[in-house]
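# Structural overview for review
Below, each chain spelled out in residue letters.
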Amino acid sequence: MVMKDLLGINIFTYILAAVIVFFLSMNAAFGPGWLGQSLGWEDVGTFTKVSDSLPLNVDVSGPDYLL
């Protein structure tokens, strides 16, 4: 009882813990992006588009990349 008072554990703490466990278990079961995909959002949980600002090829043999 003293620890509950010191740590401030109440019903909200138990509900929050249950919600965290639920969402982590859903991520483990269905993979990342399951919530967005079930809501109909596009491109959630997968990398399907490449940004135009990223180079497609990088030459790492230059002097800047040598150890």
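Residues numbered from 1 in each chain as written. Predicted model: local features only at pLDDT ≥ 70, side-chain atom pairs only at ≥ 80, totals over all residues. Heavy atoms only, no water.

## Structural notes on the overall build of the protein chain
What the protein chain contains, in helices and strands, is three helices and zero strands. N-terminal to C-terminal, the α/β element order of the protein chain is α-α-α. Taken against the 2.2 N^0.38 rule, which gives 11 Å for 67 residues, the C-alpha radius of gyration of the protein chain at 22 Å runs more than 25% over that of a compact globule. Principal axes of the C-alpha set define a box for the protein chain whose edges measure 65 × 40 × 20 Å. Sorting the 67 residues of the protein chain into buried and exposed places 9% on the buried side. When the accessible surface of the protein chain is summed, it comes to about 6300 Å², and 68% of that surface belongs to carbon and sulfur atoms. (Helix = DSSP H or I, 4+ residues; strand = E, 2+ residues; numbered from the N terminus. Rg over C-alpha atoms; globule rule 2.2 N^0.38 Å. Buried < 20%, exposed > 50% of the residue type's maximum accessible area, 1.4 Å probe, protein only. Areas by Shrake-Rupley, 256 points an atom, 1.4 Å probe, with all protein chains shown as cover.)

## A closer look at the packing of aromatic side chains
Following the criterion strictly, the structure yields four aromatic pairs and no others. Geometrically, the ring pair formed by F22 and W34 is edge-to-face, given 6.4 Å between the ring centres and 85° between the ring planes. Here F22 is found in helix 2 (residues 11–30), whereas its partner W34 is found in helix 3 (residues 34–38), with 12 residues between them in sequence. Owing to a relative accessible area of 16%, W34 belongs among the buried residues under this scheme. Between F30 and W34, the aromatic rings sit 6.5 Å apart at their centres with planes inclined by 50°, giving tilted as the arrangement. Members of the aromatic cluster, connected to one another through ring pairs, are F22, F23, F30 and W34. (Phe/Tyr/Trp six-rings, centres within 6.5 Å; stacked < 30°, edge-to-face > 60°.)

## Some words on the confidence of the model for the protein chain
The predicted model of the protein chain has a mean per-residue pLDDT of 83, with 96% of residues at 70 or higher. Element-level mean pLDDT values for the protein chain span from 78 in helix 1 (residues 2–7) up to 93 in helix 2. (pLDDT = per-residue confidence, 0-100.)

## Examining helix 2
Across its 20 residues, helix 2 extends 28 Å between first and last C-alpha, which sits within 8% of the 28 Å expected from 1.5 Å per residue. Two or three places before F12, at the opening of helix 2, N10 has a side-chain oxygen 3.1 Å from that residue's backbone nitrogen. Looking one or two residues past helix 2, G31 carries a phi angle of roughly 90°, positive in sign. (Expected span 1.5 Å × (residues − 1). Polar contact = N/O pair within 3.5 Å; in protein donor to acceptor, adjacent residues only side chain to side chain.)

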